[in-house]
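Fold and geometry: a report
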Amino acid sequence: MKHCGTRVLETDRLILRRYEIGDAAAMYKNWASDSEVTKYLMWQPHSSVTVSHSIIKEWLNEYSNDNYYHWAILLKENGNEPIGDIAVVHMNEEVSMMHIGYCIGRNWWHQGITSEALNAVIDYLFDVVDVNRIESRHDPRNPNSGGVMKKCGMKYEGTLRSSDWNNQGICDACYYALLKSER
């Protein structure tokens, strides 16, 4: 892999960029405080803007690492207000694999925004970072997340039973992946 960190990515409707400290209020309001958004995630809803602020401060420190990939999702029409998040949440250098996680505010569900963001990240990781495998997973009780993966060309590889956990407890994990050679 040729690590080069989190760069600005642009699509027809979106800008994916590094977080800024001023994003805390939008993050809290648009998704981080919503228990429906975090229902199948591994972190609890934020109890205050202060929590969002502290987490963004941690992320800002990580941007100095060339192998850190984490974007705020912005709709161009909304100006500079993040509406969601997409990041490489795990990587394995030995097999040139990156695992992507994402979430978006409920007001923007079912509009193709997450798929558009994921496609942009997939293109960047394959074309610039030279990753061989991109994978993601979802709780089978959250099929819309799997729909995003399918829409982006990721292939279903199987469901690992009771292999994961989220805010619902121990759960199954449906895995999807795409290889660079499959594009």
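Further up the page is the structure itself.
Residues numbered from 1 in each chain as written. Predicted model: local features only at pLDDT ≥ 70, side-chain atom pairs only at ≥ 80, totals over all residues. Heavy atoms only, no water.

As for the nonpolar core
Membership of the largest hydrophobic core comes to 35 residues, with the highest contact counts inside it found for Leu 16, Ile 86, Leu 118 and Leu 125. Of all the elements in the fold, those that place two or more residues in this core are β2 (14-17), β3 (70-75), β4 (82-92), β5 (97-104), α3 (113-127), α4 (143-151) and β8 (169-179). Per element, the largest residue contribution to this core is nine residues, and it comes from α3. Those residues in contact with Leu 125, other than ones at most four positions away along the chain, are Tyr 69, Val 88, Met 98, Ile 100, Asp 130, Val 131 and Ile 134. Core analysis: the second largest hydrophobic core is formed by 14 residues, Ala 24, Met 27, Ala 72 and Cys 103 among them. (Core = buried A, V, L, I, M, F, W, Y, C linked by side-chain atoms within 4.5 Å. Buried < 20%, exposed > 50% of the residue type's maximum accessible area, 1.4 Å probe, protein only. Helix = DSSP H or I, 4+ residues; strand = E, 2+ residues; numbered from the N terminus. Contact = heavy atoms within 4.5 Å.)

Some points on the sheet that holds β3
Ordered in space as β1-β2-β3-β4-β5-β6-β8-β7, the eight strands form an open sheet in which the pairing is mixed. Lying at the two open borders of the sheet, with one neighbouring strand each, are β1 (9-10) and β7 (155-166). Taken together, the five bridges between β3 and β4 define a ladder with antiparallel strand orientation. Opposite His 70, over in β4, you have Ala 87 as the bridge partner. (Pairing = 2+ DSSP bridges.)

Examining the environment of Thr 159
Looking at the secondary structure, you find Thr 159 in strand β7. Once the C-alpha coordinates of Thr 159 and Pro 140 are considered, the two residues, 19 residues apart in sequence, prove to be 8.4 Å apart. Those residues within four positions of Thr 159 in sequence are excluded, and the remaining contacts are Asp 172, Ala 173 and Cys 174.

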